[in-house]
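Chain residues, written in single-letter form:
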Amino acid sequence: MRLLVAEDEPDILRSLALALRDEGYAVDTAATGTDALYKALETEYDALIVDLMLPELDGFSILATLRTRKNTPVLLLTARDSTADRVRGLDAGADDYLVKPFDLPELLARVRALLRRSSGNPRPILEAGSVLIDPASRKVTLHGNEIPLTAREYALVEYLVRNKGTVVSRTALYEHLFDESEDSLSNLLDVHVSNIRKKLGHDFIVTRRGHGYSFES
């Protein structure tokens, strides 16, 4: 899953991006509201984490423009803890609201919840035949046995299963699984697909030549 984190405090931005990447997310960053809005409109993100008080454009302004074009889930971060600010943010189109200072485990849990709701599958466990996927613990089991996956392999499995029956193009997979710092022309995707097939079965991911990949059942 690919996320955008918009935060103007460098230490917070750096620590959030690092923590989310450690969880297996592809993460782009922005330090101004202008940059955040541009990236949010031009890139297909699975969720946005946006500080309310960004320079140039604040979170309310970003939401006002974004919601005319996209329904990308948005988690607002803010030091403002008044009911009026929370109501304004939610009414402006935010999907969730987290007050600073916050605990990192709570932010990660809220991101997982946003992604579950946006995928149309609010159930915590995803079933893929004999494979069970737990987004909370990011564990995958096959016939009851836990299968060790790298963070990127897990992200690819979860994304395809959430889009069951849909052929996902290579371009879409790169857009959702790799951030702006990674080379989209590399063979990383092929390597990950090959490794997943070795662990979960050759037929777990179906190749649609000239189109992309899919999970069928």
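This text follows the structure it describes.
Residues numbered from 1 in each chain as written. Predicted model: local features only at pLDDT ≥ 70, side-chain atom pairs only at ≥ 80, totals over all residues. Heavy atoms only, no water.

Quick look at the sheet that holds strand 2 (residues 26–30)
One open sheet holds the 5 strands; their spatial order is 2-1-3-4-5, and the pairing between them is parallel. In this open sheet, the two edge strands, each paired with only one partner strand, are strand 2 and strand 5 (96–99). Taking the axes of each pair of neighbouring strands and ignoring which way they run, one obtains an average angle of 20 degrees across the sheet. Sheet topology places strand 3 (residues 47–51) next to strand 4 (residues 74–78); 4 bridges connect them, and they run parallel. Looking at strand 4, one finds that I49 is bridged to L75. Where helix 1 (residues 10–22) meets the sheet, its contacts fall on strand 1 (2–6), strand 2, strand 3 and strand 4, and the angle it forms with strand 2 comes to roughly 170 degrees. (Pairing = 2+ DSSP bridges. Helix = DSSP H or I, 4+ residues; strand = E, 2+ residues; numbered from the N terminus. Axes fitted to C-alpha atoms, helices over the stretch in contact; angles between N-to-C directions. Contact = heavy atoms within 4.5 Å.)

Structural notes on the pairing of strand 3
Counting buried residues along strand 3, 5 of its 5 residues qualify, which places the element largely inside the surrounding structure. Side chains A47, I49 and D51 project from strand 3 onto one buried face, and the interleaved L48 and V50 project onto a second face that is buried too. By the bridge criterion, 4 bridges tie strand 1 to strand 3 in an arrangement that is parallel. Considered in strand 3, the bridge of V5 is made with I49. Handedness of the strand 3-helix 3 (residues 59–66)-strand 4 crossover: right-handed. (Buried < 20%, exposed > 50% of the residue type's maximum accessible area, 1.4 Å probe, protein only. Right-handed = clockwise from strand over helix to strand, strands pointing away.)

Points about the packing of aromatic side chains
This model, assessed by the stated rule, comprises 2 aromatic pairs. Ring plane angle 35 degrees and centroid distance 4.7 Å describe the contact between Y174 and F178, whose orientation is recorded as tilted. Taken individually, Y174 and F178 each receive the classification buried, so the pair is uniform in this respect. For the ring pair F204 and F215, a centre distance of 5.0 Å and an interplane angle of 45 degrees mean the geometry is tilted. Residue F204 is found in the loop between helix 8 (188–200) and strand 10 (206–208), and its partner F215 is found in the segment after strand 11 (212–214); the two are separated by 11 residues along the sequence. F215 sits in the buried class, given a relative accessible area of 3%. (Phe/Tyr/Trp six-rings, centres within 6.5 Å; stacked < 30°, edge-to-face > 60°.)

Overview of the sheet that holds strand 6 (residues 126–128)
Taking strand neighbours across the sheet as the criterion, the 4 strands line up as 6-7-8-9 in an open arrangement whose pairing is antiparallel. Here the strands that pair on one side only, and so sit at the sheet edges, are strand 6 and strand 9 (145–146). The sheet contact formed by strand 7 (residues 131–134) and strand 8 (residues 139–142) spans 4 bridges and is antiparallel. Its bridge partner being in strand 8, L132 is matched across the sheet by T141. Lying over the sheet, helix 6 (residues 151–162) contacts strand 6, strand 7 and strand 8, oriented at roughly 85 degrees with respect to strand 6.

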